[in-house]
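So the chains spell out like this:
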Amino acid sequence: MDDRSLNLTTSFIDQIVVPGDVVLDLSSMSNQTIKLGGGLRQDCDTISVMKAGKLKFSKPNKYWVESSQKRYVPCVEDTILGTVVDSKADNFLVDIKGPTLAFLPVLAFEGGTRRNIPKYEAGTLLYVRVVKANAGMNPELSCTDASGKAAEFGVLKDGYMFETSTGLSRMLLSSPTCPVLEALGKKLSFEIAIGLNGRVWVNAASPSTVILVSNAIMNSESLSGVQQRIMVEKLMQKFQSSS
Amino acid sequence: MAMEVEGEEMVTPGEVLGKASDVKAGRGAYLAPHNKTVYASLTGRRIVIPPSPASPDQRPTVEVTGHKAYGAVPELGSVVIARVTKVMAKMASADIMCVGPKAVREKFTGIIRQQDVRATEIDKVDMHLSFRPGDIVRASVLSLGDARAYYLSTAKNELGVVSAESIAGATMVPISWTEMQCPLTGQIELRKVAKSGG
């Protein structure tokens, strides 16, 4: 019995799991606290999967499911890119690729008072942080960090924004630096903002650089580190030879 | 002698029943402050109830009894049972299901504002930690509110969430005035819980 349950966990970690898979049997494990992340739920004595993805484990006791999709589920403390849809008396309504629009309070800026409320028209791209995200309620955003400073949040001017999957955004934000970004950064200079909701904004001096960077990123989702470097090399060679 | 006069006359809402100096407004009637006249607010028969001899105010009370039965209607101060439909940052909406012990016949909407959730520290109330959609709450009617909804309050010990379902789907057990626990998973969820019993 113990062997079988051990086999269950070791065989599922880092494997693709689908909703309904039972990955842990609590009755056969010794008394320990387990932390469940996203995609897992507790059904009395078993832990089963709610979301399709890869089951991950981190010592000592954290389990979660990593998945990548185009739709974003708002989560507290995520930094995301939103587009202003409308402005009301107290809030801006911001589209964040989630199930509902999010509210950005008009005063949630550094040094924000009733007198200097920013005027954003529909379509303005903002780099914001999620403050509150509860199921059934509209998420609340902020353009300041936890201590109230502006810290790079706010409007992103010029540049080009494109949409990716949430998995690619997480890969681009991982540390150490993602291979594709490192390879691009060695040869080109550009600005980039990555939102965990599957939106990426790139800005550079010339449009051809912007296009090159965007295409490289969009192509890199399913490639391994080495393949990403090779892909960037090839793109750079084509670019150099044609210009 | 003074007796209950059963009026044969049907009155409709807006009909004058008497002057404020002559009669008192009872159920189904109201006093218009601007011209001190008592008008009917329901359709029904007009009944005049004589004043009790002990009371200082010797005006008879005029009432209108509806000729068709209507369900309970929330009144100011009545305790209602409502089901929370939506929780927002500064308020929660609820569908009123019972007024006192009686169920209502038609849908009434109530709003519980952030400042009416509890009596202490009202500006630090987090609506999401007090109610969730689907909770059954006991509340008292603060005011008749506007055309859309009554204003409800849960700012007393015996008011608040009476029954709630956990994320796992089981009915939760109250532990304290802020916590309820799921019997299946043992998870504790935060609500503004009503004190039940004595």
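Residues numbered from 1 in each chain as written. Chains lettered and ligands numbered in written order. Predicted model: local features only at pLDDT ≥ 70, side-chain atom pairs only at ≥ 80, totals over all residues. Heavy atoms only, no water.

Novice: Looking at this structure, I do not really get the packing of helix α4 (residues 207-219) of chain A against helix α5 (residues 225-242) of chain A. What am I missing?
Specialist: Packed helix pairs are specified by the crossing angle of their axes together with the interaxial distance, meaning the distance between the axes. All names here are of chain A. Here α4 crosses α5 at 155 degrees, and the two axes come no closer than 10 Å. Classified by the interaxial angle, the pair formed by α4 and α5 is roughly antiparallel. As α4 packs across α5, the resulting crossing turns out to be right-handed. Residue-level inspection shows Ser208, Leu212, Ala216 and Asn219 of α4 in contact with α5, the latter providing Met231, Leu235, Met236 and Phe239. Each residue belonging to the contact of α4 with α5 can be placed in one class, and the counts come to 6 nonpolar, 2 polar and no charged. (Axes fitted to C-alpha atoms, helices over the stretch in contact; angles between N-to-C directions. Helix = DSSP H or I, 4+ residues; strand = E, 2+ residues; numbered from the N terminus. Parallel < 35°, antiparallel > 145°, perpendicular 65-115°, else oblique. Left-handed = near helix turned anticlockwise from the far one by under 90°. Contact = heavy atoms within 4.5 Å. Nonpolar A, V, L, I, M, F, W, Y, C, P; charged D, E, K, R; others polar.)

Novice: Sorry, what's going on with the packing of aromatic side chains here?
Specialist: Centre-to-centre distance and the angle between the planes together describe a pair of aromatic rings. This model, assessed by the stated rule, comprises 8 aromatic pairs over all chains. Seen in terms of ring centroids, Phe92 of chain A and Phe109 of chain A are 6.5 Å apart; in terms of plane orientation they differ by 85 degrees. Their pairing is edge-to-face. One end of the pair, Phe92 of chain A, is in strand β9 (residues 91-95); the other, Phe109 of chain A, is in the loop between β10 (102-105) and β11 (125-132), with 17 residues separating them in the sequence. Residue Phe92 of chain A shares its accessibility class with Phe109 of chain A, and that shared class is buried. Put simply, the rings of Phe92, Phe109 and Tyr120 of chain A touch in pairs and so form one group of aromatic residues. Lying over the aromatic face of Tyr151 of chain B, Arg113 of chain B brings its terminal NZ or CZ to 4.6 Å of the ring centre. (Phe/Tyr/Trp six-rings, centres within 6.5 Å; stacked < 30°, edge-to-face > 60°. Buried < 20%, exposed > 50% of the residue type's maximum accessible area, 1.4 Å probe, protein only. Lys NZ or Arg CZ within 6 Å of the ring centre and 35° of its normal.)

Novice: I keep staring at the domain arrangement of chain A and nothing clicks. Help me out?
Specialist: In many reports, interface size means the accessible area that the parts give up when they come together. Residue and element names in this part refer to chain A. According to the domain assignment, chain A consists of domain 1 (3-66), domain 2 (79-155) and domain 3 (160-242). Between domain 2 and domain 3, the C-alpha centre-to-centre distance is 26 Å. Contacts between the two partners involve 10 residues from domain 2 and, on the opposite side, 12 residues from domain 3. Buried area between domain 2 and domain 3, both sides added, is near 820 Å², and the carbon and sulfur share of it is 54%. The three residues of domain 2 that bury the most area against domain 3 are Leu81, Lys97 and Leu125, which together make up 62% of that side's buried surface. Our enumeration of links across domain 2 and domain 3 arrives at 2 salt bridges. Here Glu163 makes a salt bridge to Lys97, at a shortest N to O gap of 3.6 Å. On inspection of domain 2 and its partner domain 3, the count reaches 7 residue pairs in polar contact (both at pLDDT 80 or more). Looking at the side of domain 2 that touches domain 3, the elements that each hand over two or more residues are β8 (79-87) and β11. (Domains from an automatic or database assignment. Buried area = accessible area lost by both parts, 1.4 Å probe. Salt bridge = Lys/Arg side-chain N within 4 Å of Asp/Glu carboxyl O. Polar contact = N/O pair within 3.5 Å; in protein donor to acceptor, adjacent residues only side chain to side chain.)

Novice: What exactly am I supposed to notice about the environment of Asn203 of chain A here?
Specialist: Residue and element names in this part refer to chain A. Looking at where Asn203 falls in the secondary structure, it is placed in strand β16 (residues 199-203). Along the chain, Asn203 and Asp158 lie 45 residues apart, while their C-alpha atoms are 6.9 Å from each other. Sequence-distant contacts of Asn203, that is, excluding residues within four places in its chain, are made with Lys157, Asp158, Gly159, Phe190, Glu191 and Val210.

Novice: Looking at this structure, how should I read the UniProt feature "domain: Exosome complex component N-terminal" (unreviewed entry) in chain B?
Specialist: Within this numbering scheme, the UniProt entry marks residues 10-48 of chain B as carrying the feature "domain: Exosome complex component N-terminal" (unreviewed entry). Taken as a whole, residues 10-48 of chain B contains 0% helix and 54% strand, while its terminal C-alpha atoms sit 13 Å from one another. (UniProt positions renumbered as here; feature names shortened; annotations may be inferred.)

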